[in-house]
Amino acid sequence: MLRLFDLHQVRPLVELEGLWDFEPLADEAGLPRRYRFKLAVPGTWESHPAFATYRGRGAYRRLVTVPEDGTVRLYFYGVSHTADVYWDGQHVGHHYDAHTGFPVVLPAVGKGQHELIVIADNRFTEQSTLHIPNDYYTYGGITRPISLATVPKTFLESVRFTAVENGGRWEAEVAAAVQGLGGDAVDARVVVSLAGERTELTSDPGPDEHQLRWYRGRFPCPGIKPWSPADPVLYLLSAELFEFGGIRPVDDLRERVGFRTVEWDREGLRINGEPTRVEGFNRHEDHPAVGSAVPLSLMIRDLELLRDLGANAVRTSHYPNDERFLDACDELGILVWEEHHARGLDLERMLRPGFREQIAKATREMVSQHQTHPAIIVWGVFNECASDQEAARPLYRQCIGIIRSLDPSRSVTYASHRRDRDRFLDLVDVIAFNLYPGWYTDEDPADLFRTARRWADAAGGESKPLIISEMGADGFYGVRQADGGYGSEERQAEVLAADIKAARSVGVAGFFVWQFADCRVSAEDGWGLRRPTGQNVKGVVDGYRRPKAAYRVVRSLLSDPSRQVREPSGRPSGTEVQPG
Ligand code: ADA
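Below you will find a few notes about this structure. Here the structure is a predicted model, which is why all the values come from computation and not from measurement. Residue numbering note: each chain is counted from 1, following its sequence as written. In keeping with the model being predicted, local features are shown solely for residues with a pLDDT of at least 70 and side-chain atom pairs are shown and tallied solely at 80 or more, while totals for entire chains, interfaces and linings include all residues. With hydrogens and water set aside, each side-chain value is computed from the structure's full complement of heavy atoms.

## Considering unusual backbone geometry
Cis geometry marks the peptide bond from Ser-317 to His-318; its omega dihedral reads -5°. Along the chain, the position of His-318 falls in the loop between strand E25 (313-315) and helix H2 (323-332). With an omega of 0°, the peptide bond running from Trp-514 to Gln-515 counts as cis. Note on conventions: DSSP H or I runs of at least 4 residues are helices, E runs of at least 2 residues are strands, and numbering of each starts at the N terminus. Here Gln-515 is to be found in the loop between strand E31 (510-513) and strand E32 (519-520). Positive phi outside glycine occurs at Asp-88, with the angle close to 50°. Summarising the element assignment, Asp-88 is placed in the loop between strand E7 (82-87) and strand E8 (90-96). Given a relative accessible area of 39%, Asp-88 falls into the partly exposed group. Of note in this structure, Phe-382 is not a glycine but carries a positive phi near 35°. Within the secondary structure layout, Phe-382 lies in the loop between strand E27 (376-381) and helix H5 (393-406). Relative accessible area serves as the criterion here: at 0%, Phe-382 is assigned to the buried category. Burial classes follow relative accessibility: with a 1.4 Å probe on protein chains only, a residue under 20% of its type's maximum area counts as buried, one over 50% as exposed, and anything between as partly exposed.

Written out as structure tokens, the structure is:
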């Protein structure tokens, strides 16, 4: 399943899920002559016992059937971490970074069977500046779904949506990108349907640098029910493409959207004007059985566990997540801090050749691919990077600038561990500190969070909210000690209880517990030594989602009845409320 709703009614599309041929490849080897293994797609090769710790390259192969002559559009939702795509032996696509999707368009394909090969590469090379040995694991493989569609020469590439509240009335701001209108191609029309309204978008003159032509429109949507965590109402936005003079759409693309306002000020978050304290968890896409290729059933289980814990938010630490997860957050009313892929980079790493381009592209892809999700309340950049060094400022400016230009409707933040040495808090709307009182330091949590507020104020952030973006402690599953030694479940529970109580008493705008579930970490670069068992064990559940002592303690605190409790809406699943 690609998304939690049907993306198309007109465009024929198949998902290439299944058992693919697989062969590991030596560093410089070309396409293999034989394939000795079979691997699941989506999946990680670490799931196969022969590749449990394999870091290298590997070729995936399968045959696909194209139903008629014409243009084929493949879409890869995620290959970890570098992909090279071959169609009938020809190199047709390349993409870096596991956490964003990419299309490959093949203009003149004959009807019948074709060979598709994807070489995935998870090596830590000089060319890879974002995927480095880290406090999480870079898996290998085709970790997210792939689709194959036959499209007309001119087709819809993407749709963007922003809900605008105008004097108590809702308006929709929609933009659709059309591919294939360069040169002397025939013109096309784009018509969108949303909440019973039907509007033709206006073409922007000239294709942009990606040879896309943009169509835009803003129109009133009367009778809208707003999206909120308590009542996450979604609508289907459908864009249809007509050839000039045509009466039947030749292509279509749908997104599921919600109407809500999100505002932040010193006091915190307001959704549709309602003050909403953000109380959530950091979560990695990771599970011991499947690695980062978490299937839908386990994503939903994670979200249900988060709800059971009383959380209302999740931070996609430290990269853009699978869109099905975001779709589920939209549908369940769980707020999302989504961030680009950059964790723990010092200045030297941030200044390496290629970094600037790779992070810019990863940021652009994140926002342009996920911009429609109502659940996303803030975009994040650079977790624990060199925000204390002036030389990093251009990089922060660049990425924050990209986000603001692609999505002026949302706020931006970054999680800092630089305390009063942080220099870039002027660039963001929401101030966030990762602080580990009771674990990495012996400070009193309430004193520390109050001090953090002072750091924010001193940096000119008096009008900005403060979030504790990480707080937590190690807790090895099954290590029980009455006297609460470091690393025991008891100690972890105690630290988290103190942190949560302190965050609430100090009145921060919100917090994210580090972390939801234990995750695997890289073996390279000393991480294996720093993290006994090869895992970051600060989860309130272990990798298999077995609850630790902290689970019950955190749950009893977060489920405090003073917080808004969500009743099930009783709405049928799957849905848009109103067909467009
Ligand atoms: C950091 C970091 C996390 C994780 C955590 C920890 O704050 O952002 O990715 O490494 O610390 O467990 O130490």
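Now that the structure has been shown, we can carry on.
## Side note on the sheet that holds strand E14 (residues 169-179)
Judged by pairing direction, the sheet is antiparallel, and its 4 strands sit side by side in the order E13-E14-E18-E17 without closing on themselves. Every other strand in the sheet has two partners, leaving strand E13 (155-166) and strand E17 (202-203) as the edge strands with one partner each. Where E14 meets strand E18 (residues 212-220), 9 bridges bridge the pair, whose relative direction is antiparallel. Within E18, the residue paired with Ala-176 across the bridge is Tyr-215. Strands are treated as partners if at least two bridges between them are detected by DSSP.

## Some details on the nonpolar core
Counting residues in hydrophobic clusters, the biggest one holds 97 residues, and the most contacted among them are Trp-264, Phe-281, Met-350, Phe-382, Tyr-396, Ile-467 and Val-540. Ile-467 has contacts with Trp-264, Val-278, Trp-337, Val-430, Ile-431, Ala-432, Phe-433, Ala-509, Gly-510, Phe-511 and Phe-512, leaving out every residue within four places of it along the chain. Residues grouped as a nonpolar core are buried Ala, Val, Leu, Ile, Met, Phe, Trp, Tyr and Cys residues, joined through side-chain atoms within 4.5 Å. Whether two residues are in contact is decided by their heavy atoms, any of which lying within 4.5 Å being enough.

## Quick word on the sheet that holds strand E5 (residues 70-76)
Here 4 strands make up an open sheet; going across it, the order is E1-E12-E5-E9 and the pairing antiparallel. Only two strands of the sheet have a single partner each, and these edge strands are strand E1 (13-15) and strand E9 (102-109). Looking at each pair of strands side by side, their axes are set apart by 20° on average, direction ignored. Here E5 runs beside strand E12 (residues 146-151); their pairing, made up of 6 bridges, is antiparallel. For Arg-73, the partnering residue across the bridge sits in E12 and is Ala-149. Axis lines are fitted to C-alpha atoms, over the contacting stretch for helices. Their N-to-C directions set the angle, which ranges from 0 to 180 degrees.

## Considering empty space enclosed by the protein
Picture a little ball the size of a water molecule; that probe, rolled over the atoms, points out where space is still empty. In the cavity and pocket records, a cavity denotes points on a 1 Å grid over the protein atoms alone where a 1.4 Å probe fits but cannot get out, a pocket denotes an open set with protein on both sides within 12 Å along at least 5 of 7 lines, and lining residues are residues with an atom within 4 Å of a point. Grid points are joined across faces, edges and corners, and a volume is the space filled by probe spheres set on the points. Counted according to the given criterion, the structure contains 2 cavities of 30 Å³ or more. Forming the walls of the largest cavity are 15 residues, and the residues nearest its centre are His-99, Tyr-137, Glu-285, Ser-292 and Tyr-319. Only Asp, Glu, Lys and Arg are considered charged in this grouping, and only Ala, Val, Leu, Ile, Met, Phe, Trp, Tyr, Cys and Pro are considered nonpolar; every other residue, Gly among them, is considered polar. Classifying every residue of the lining of the largest cavity by side-chain character gives 5 nonpolar, 7 polar and 3 charged. Taken as a whole, the second largest cavity spans an internal volume of roughly 50 Å³. Lining of the second largest cavity is provided by Tyr-75, Tyr-77, Thr-100, Gly-101, Arg-144, Asn-321, Asp-322, Glu-323, Gln-369 and His-370. Looking at the lining of the second largest cavity residue by residue, the class counts come to 2 nonpolar, 5 polar and 3 charged.

## A word on helix H9 (residues 549-558)
The set of residues buried in H9 consists of Ala-549, Ala-550, Tyr-551, Val-554, Leu-557 and Leu-558. Against the buried residues of H9 lie strand E24 (278-282), helix H1 (296-308), helix H7 (489-506) and E31.

## Some thoughts on the pattern of salt bridges
Should a side-chain nitrogen of Lys or Arg be within 4 Å of a carboxyl oxygen of Asp or Glu, the pair is scored as a salt bridge. Evaluated as defined, the whole model comprises 50 salt bridges. Among the ionic pairs, Glu-240 bridges to Arg-198, the shortest N-O distance being 3.4 Å. Of the two residues, Glu-240 is situated in strand E19 (residues 235-243) and Arg-198 in strand E16 (residues 197-200); the sequence distance between them amounts to 42 residues. Judged by relative accessible area, which is 52%, Arg-198 ranks as exposed. Here the salt bridges share partners, and the residues they tie into one network are Arg-3, Glu-255, Glu-323 and Asp-327.

## Observations regarding the site of the ligand
Every one of the 13 residues lining the ligand counts as a neighbour, but Asp-135, Glu-384, Tyr-440, Glu-470 and Lys-538 are closest to it. Counting of polar contacts relies on pairs of N or O atoms within 3.5 Å, with two restrictions inside protein: one atom must be capable of donating a hydrogen and the other of accepting it, and residues adjacent in sequence are counted only when both atoms are side-chain atoms. A distance of 2.4 Å separates an oxygen atom of the ligand from a polar side-chain atom of Asp-135. Throughout, the Shrake-Rupley method with a 1.4 Å probe supplies accessible areas, and for residues the shown protein chains are the sole cover considered. Relative to its unbound accessible surface of 320 Å², the ligand loses 97% to contact with the protein. Looking at the shell around the ligand residue by residue, the classes come out as 3 nonpolar, 4 polar and 6 charged. One heavy atom within 4 Å of a molecule or strand makes the whole residue count as near it.

## Notes on the side chain of Arg-349
Note that Arg-349 resides in helix H3 (residues 347-350). Lacking a salt bridge, the buried Arg-349 has Asp-525 as its closest oppositely charged neighbour, with an N-O distance of 4.2 Å. Residues within four places of Arg-349 in sequence aside, it is in contact with Ile-132, Phe-355 and Asp-525. His residues and chain termini do not enter the charge count, which takes Lys and Arg as positive and Asp and Glu as negative.

## Some points on the pairing of E8
In this sheet, E8 lies alongside E7 in antiparallel orientation, the contact comprising 6 bridges. Residue Asp-84 lies in a different strand from E8, and its bridge partner there is His-94. Two successive antiparallel strands, E7 and E8, enclose a turn made up of 2 residues, where Asp-88 displays a positive phi of approximately 50°.

## Let's talk about the packing of helix H4 (residues 355-370) against H5
Describing two packed helices takes the angle between their axes plus the distance from one axis to the other. With their axes 9 Å apart at the nearest point, H4 and H5 run at an angle of 25° to one another. If you check the angle between H4 and H5, you find them roughly parallel. In this structure, the crossing between H4 and H5 has a hand that is right-handed. Listed contacts from H5 to Phe-355, Arg-356, Ile-359, Ala-360, Thr-363, Arg-364, Met-366, Val-367 and Ser-368 of H4 are Pro-394, Leu-395, Gln-398, Cys-399, Ile-402, Ile-403 and Leu-406. Class assignment of the residues belonging to the contact of H4 with H5 gives a composition of 11 nonpolar, 3 polar and 2 charged. Geometric relationships in this document are graded by angle, where less than 35 degrees denotes roughly parallel, more than 145 denotes roughly antiparallel, 65 to 115 denotes roughly perpendicular, and other angles denote oblique. Take the far helix as the reference: if the near one is turned anticlockwise from it by less than a right angle, the crossing is left-handed, and if turned clockwise, right-handed.

## Points about the pairing of strand E15 (residues 188-194)
Most of E15 is tucked away, with 6 of its 7 residues classed as buried. Sheet topology note: the E15/E19 ladder contains 7 bridges and is antiparallel. Counted as the bridge partner of Leu-194 is Leu-237 from E19. Pairing geometry for E15 and E16, over 4 bridges, is antiparallel. Across the sheet, Val-192 pairs through a bridge with Thr-199, a residue of E16. Connecting E15 to the next strand, E16, in antiparallel fashion are 2 residues, including Ala-195 with a positive phi near 50°.

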